[in-house]
Amino acid sequence: MAQNHYKILLFMKRRPGMTFAAFQDYYENHHAPLCEKYTSGVNRYVRRFLTPHPNPETGATDELPFDVITELWFKDESVFRSTVEYLSTSIMPDEIVEDEKRLFDRARMRMATVVECESALAG
């Protein structure tokens, strides 16, 4: 039987002048623990840090538009939908916003949603 999983994806770029190493360290050791107290109804909180690699045809190693994709996973569709509504229309609590200013280029942040439909395969 198929099971649906609901996700919010947050695409974020580090603030100008911050190294990738400092960005990842701050996110994991300061920002993520701060955000965890606001994750009621979230089943998984995952950060996927992106490392660019050379284009095989051009050799270009341009910086990516985002440095991390953060995933918020939900099993409950109504909690997912209300969280999307909140994040789309509200400003986060002051302590989160102030911490984000230390970490992200907030003007470049983007959000998308995903509904994963997974089939249970035999074998």
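For the structure, check the block above.
Described in the following lines is the structure provided in the data block. (Residues numbered from 1 in each chain as written. Predicted model: local features only at pLDDT ≥ 70, side-chain atom pairs only at ≥ 80, totals over all residues. Heavy atoms only, no water.)

Between helix α1 (residues 20–36) and helix α3 (residues 94–103), the least distance of the axes is 11 Å, while the angle of their chain directions is 175°. Relative to α3, α1 is oriented roughly antiparallel. Judged by residue contacts, Phe23, Tyr26, Tyr27, His30, His31, Leu34 and Cys35 of α1 engage Glu95, Ile96, Asp99, Glu100, Arg102 and Leu103 from α3. Per-class residue counts for the contact of α1 with α3 are 7 nonpolar, 2 polar and 4 charged. (Axes fitted to C-alpha atoms, helices over the stretch in contact; angles between N-to-C directions. Helix = DSSP H or I, 4+ residues; strand = E, 2+ residues; numbered from the N terminus. Parallel < 35°, antiparallel > 145°, perpendicular 65-115°, else oblique. Contact = heavy atoms within 4.5 Å. Nonpolar A, V, L, I, M, F, W, Y, C, P; charged D, E, K, R; others polar.)

Further remarks concern the nonpolar core. Judged by nonpolar contacts, the single largest core of 21 residues is most densely connected at Ile8, Phe23, Tyr27, Leu72, Phe74, Leu103 and Phe104. Broken down by secondary-structure element, the contributors of at least two residues to this core are β1 (3–12), α1, β3 (68–74), α2 (77–89) and α3. A per-element tally of this core places α1 first, with 6 residues. Setting aside residues no more than four positions away along its own chain, Leu103 makes contact with Lys13, Arg14, Arg15, Met18, Phe23, Tyr26, Tyr27 and His31. (Core = buried A, V, L, I, M, F, W, Y, C linked by side-chain atoms within 4.5 Å. Buried < 20%, exposed > 50% of the residue type's maximum accessible area, 1.4 Å probe, protein only.)

Let's shift gears to the side chain of His5. Structurally, the position occupied by His5 is in strand β1. Relative accessible area serves as the criterion here: at 15%, His5 is assigned to the buried category. Filtering out sequence-adjacent residues up to four positions away, His5 remains in contact with Phe74, Val114, Val115, Glu116 and Glu118.

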